[in-house]
Amino acid sequence: MKRQSLFLALLVLPLLACGGVDVASEDVAPEVEMGSVESQLQPNWASCSGDSDCTSNRCGCNGGTTRVCLPNDTYPKQCGNWTACTSDSQCTSNWCGCNGGQVKVCLPNSSYPKTCT
């Protein structure tokens with residue numbers, strides 16, 4: 001029992017004597033300042049993935065094949081053929097599917113199967 005007590009004393013006493021470890025403020029990494037959400041929003045005609053990426057809150061293709069931030073709702077969001085999509089309403093053809101592949105795209109018309117592998 002004496003050995004265990006001695007061992008614990010040798011282990012704990014130096015830690016108590018130190019009073020913890022002081023870290024100089026220069027050694028601590030400064031907090032990274034997060035930009036505001038607004039500063040991360042994209043301007044008109046910049047590439048986007050969804051409405052929330054844009055200052056106009058409107059992301060779409062305007063009938064083309066590249067998703068960009070559209071200035072307002074007078075520009076159609078629908079995308080042309082073979083552009084990535086998640087729903088029919090995103091396509092000028094109103095037909096979104098995989099055509100037997102693995103990625104959903106705007107298909108030219110309903111003769112192309114929506115089936116994904």
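Below is a summary of the structure that appears in this document. All values reported here derive from a predicted model rather than from experimental measurement.

Digging into the packing of aromatic side chains
Right, on to step 1. Tallying each qualifying case throughout the model produces two aromatic pairs.
Right, on to step 2. Relative to Tyr-75, the ring of Trp-45 has its centre 5.4 Å away and its plane inclined at 85°; by these criteria the two rings are edge-to-face. Highlighted residues: Trp-45 in the loop between helix 1 (2-18) and strand 1 (59-60) and Tyr-75 in the loop between strand 2 (68-69) and strand 3 (96-97), separated in sequence by 30 residues.
Right, on to step 3. An angle of 85° between the planes, with centres 5.6 Å apart, marks the rings of Trp-82 and Tyr-112 as edge-to-face. Here Tyr-112 lies in the segment after strand 4 (105-106) and Trp-82 lies in the loop between strand 2 and strand 3, a separation of 30 residues in the sequence.
Right, on to step 4. Judged by relative accessible area, which is 48%, Trp-82 ranks as partly exposed.
Right, on to step 5. Residue placement shows Lys-114 over the ring face of Trp-95; its charged tip is 4.3 Å from the ring centre.

Some remarks on the state of the cysteines
Right, on to step 1. For the structure shown, the criterion picks out six disulfides.
Right, on to step 2. Each disulfide pairs two cysteine sulfurs, and for Cys-61 the partner residue is Cys-79, the sulfurs being separated by 2.0 Å. Taking the sign of the S-S torsion, about 75° here, the bridge from Cys-61 to Cys-79 comes out right-handed. Note that Cys-61 is positioned in the loop between strand 1 and strand 2 and Cys-79 in the loop between strand 2 and strand 3, a separation of 18 residues in sequence.
Right, on to step 3. You can call Cys-61 buried: its relative accessible area is 6%.
Right, on to step 4. Across a sulfur-sulfur distance of 2.2 Å, Cys-91 and Cys-106 are joined as a disulfide pair. A torsion of -80° about the S-S bond marks the disulfide between Cys-91 and Cys-106 as left-handed. Of this pair, Cys-91 sits in the loop between strand 2 and strand 3 while Cys-106 sits in strand 4, placing them 15 residues apart in sequence.

Rules behind the numbers
Residues numbered from 1 in each chain as written. Predicted model: local features only at pLDDT ≥ 70, side-chain atom pairs only at ≥ 80, totals over all residues. Heavy atoms only, no water. Phe/Tyr/Trp six-rings, centres within 6.5 Å; stacked < 30°, edge-to-face > 60°. Helix = DSSP H or I, 4+ residues; strand = E, 2+ residues; numbered from the N terminus. Buried < 20%, exposed > 50% of the residue type's maximum accessible area, 1.4 Å probe, protein only. Lys NZ or Arg CZ within 6 Å of the ring centre and 35° of its normal. Disulfide = S-S within 2.5 Å.

The values are spatial; any link to function lies outside them.
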